[in-house]
Each structure stands twice: as C-alpha cells, then as structure tokens.
Amino acid sequence: MLDVGMGYEEFHTVWTGVAEICGGLLLASAGIGKGLVSVQVAAGLLLLLTICVTPANVYMFTHDAQMGSLPPVKGAAHLFRGVMQCVLFAFFYTLATT
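Being a predicted model, the structure only gives us computed values, none of them experimental. (Residues numbered from 1 in each chain as written. Predicted model: local features only at pLDDT ≥ 70, side-chain atom pairs only at ≥ 80, totals over all residues. Heavy atoms only, no water.)

Moving on: the layout of surface pockets. The gaps of empty space that remain are located by a probe, the size of a water molecule, rolled over the atoms. Computed from the structure, the largest pocket encloses a volume of approximately 950 Å³. Contributing elements (two or more residues each) for the lining of the largest pocket: helix H1 (8-31), helix H2 (39-63) and helix H3 (75-97). For the lining of the largest pocket, the element with the most residues is H2, which contributes 10 residues. Broken down by class, the residue content of the lining of the largest pocket amounts to 16 nonpolar, nine polar and four charged. Roughly 190 Å³ of volume is contained in the second largest pocket. Of all the secondary structure elements, the ones that give two or more residues to the lining of the second largest pocket are H2 and H3. Here the element with the most residues in the lining of the second largest pocket is H3; it accounts for seven residues. Split into classes, the residues belonging to the lining of the second largest pocket amount to five nonpolar, five polar and one charged. (1 Å grid on protein atoms, 1.4 Å probe; cavity = no way out; pocket = protein on both sides within 12 Å on 5 of 7 lines; lining within 4 Å. Points joined across faces, edges and corners; volume = space filled by probe spheres on them. Helix = DSSP H or I, 4+ residues; strand = E, 2+ residues; numbered from the N terminus. Nonpolar A, V, L, I, M, F, W, Y, C, P; charged D, E, K, R; others polar.)

Now the structure itself:
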C-alpha cells in the first residue's frame, strides 16, 4: 500500500478538502465564463462529491464521531450540517441539470 504519511481519517479529510476547493474554483471560473468546463459539469462534480461524503457525515451524526484535535461537534451542529448538505445537494443538482 502507498504510504502518504498520514492516517486514514486525515487522508480522507485532505483529499475531500482539496476536491472541494478545486470544485469550487471550477464552478466559480465556469460561472464567469473563464472555466475549463461548463457550469453543469462543475456542479455535477461537486454534486458527486457531496454524494460521496454523505455516508461519512451520517456516520458522524449517528455515532457522535469527533475529528481529531478539532473542537467537538454536538447534536444541533450535526443537524445544521445535515440541513446545509441538503441545501448544497439541491443547489448543485439544479445547476447540473439546467
């Protein structure tokens, strides 16, 4: 197995963060007409990422999981994150299909 110098949780936190930043840059650049891809493609990629991370977020909510040295996330904050994820899902779906 490839050793990337970080643990399982940190690796997945890093790659999803990089994917979010890249997807956001793609979407923003497409929105101003300077992108490498269309708004629909960029939004579709961010929608796919949202779908991919949803099981981890559900797990964090149902098991009250904490992320390393970060401050604890408790009940209402998990619920807020879930609602915001639904909003993002709807936003990306709308952009990807119009």
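There's plenty left to go through after this.
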